[in-house]
Amino acid sequence: MSLQILLNFFLAGVWMFITDNFTPSGFAIGYLVGLLLVVMMRRFFSSRLYLYRIWAVISLFFLFLKELVLSSFAVFKLVIQPRLNIKPAIFELETELKHDWEITLLAALITLTPGTLVLGISDDQKKLYIHAIDFEDIEDAVSSIKNTFERAILEVSRS
């Protein structure tokens, strides 16, 4: 992936020298021409095109924003109720993530989402222990995290 990005920047620089246009617009045009060449040469690269990973990162960011807003409203509704009728719980999430940065990112995303907190990670780094402020069903909570954050992180890290 980094080779593709560097090649694209190199091609944009070559374009700027060929056209003798050293402006931001000249770089942008060169970058797009370089991107077209990288797309045409993608069969020579062992990894997938880097634009897919950039798109996956952007999708993960917007997924987090959506979950942040939804969970903020859910916690807000709990707080403004006259009677605090919550069912807090601690549950275990077994993850498919393998790299340290993936597990750290998942833990950070869960912790930054209001109403949930990662309490710990097992020694083998396969299980996360999560506290939820209002807990209904363990299967629903686990599948929700697996189908949102974990799947998006796997999409980003996939080669």
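Worth saying up front: this structure is predicted, and the values here are computed from it rather than measured.

Together, Leu51, Ile54, Trp55, Ile58, Phe61, Phe62 and Leu65 line one region of the surface with nonpolar side chains, adding up to about 680 Å² of accessible area. Mapped onto the fold, leucine 51 is located in helix α3 (residues 50-80). On the accessibility criterion, leucine 51 (34% relative accessible area) is partly exposed.

With 31 residues, α3 extends 45 Å from end C-alpha to end C-alpha; this agrees with the ideal 45 Å at 1.5 Å per step. Buried within α3 we find Tyr50, Ala56, Leu60, Leu63, Phe64, Glu67, Ser71, Val75 and Leu78. If you follow the buried residues of α3, they end up packed against α1 (2-19), α2 (24-40), α4 (100-112) and α5 (138-157).

Before going further, it helps to spend a moment on the packing of α1 against α2. Running from N to C, α1 and α2 cross one another at 130°; their axes reach a closest spacing of 7 Å. The orientation of α1 with respect to α2, classified from their angle, is oblique. The interaxial crossing formed by α1 with α2 has right-handed handedness. Contacts between α1 and α2 involve Gln4, Leu7, Asn8, Phe9, Leu11, Ala12, Trp15 and Met16 from the former and Gly26, Phe27, Ile29, Gly30, Tyr31, Val33, Gly34, Leu35, Leu37 and Val38 from the latter. Across the contact of α1 with α2, the residue classes break down as 13 nonpolar, five polar and no charged.

The rules behind these values
Residues numbered from 1 in each chain as written. Predicted model: local features only at pLDDT ≥ 70, side-chain atom pairs only at ≥ 80, totals over all residues. Heavy atoms only, no water. Patch = residues over 30% accessible without salt bridge, like charges linked within 9 Å, V, L, I, M, F, W, Y side chains within 5 Å. Areas by Shrake-Rupley, 256 points an atom, 1.4 Å probe, with all protein chains shown as cover. Salt bridge = Lys/Arg side-chain N within 4 Å of Asp/Glu carboxyl O. Helix = DSSP H or I, 4+ residues; strand = E, 2+ residues; numbered from the N terminus. Buried < 20%, exposed > 50% of the residue type's maximum accessible area, 1.4 Å probe, protein only. Expected span 1.5 Å × (residues − 1). Contact = heavy atoms within 4.5 Å. Axes fitted to C-alpha atoms, helices over the stretch in contact; angles between N-to-C directions. Parallel < 35°, antiparallel > 145°, perpendicular 65-115°, else oblique. Left-handed = near helix turned anticlockwise from the far one by under 90°. Nonpolar A, V, L, I, M, F, W, Y, C, P; charged D, E, K, R; others polar.

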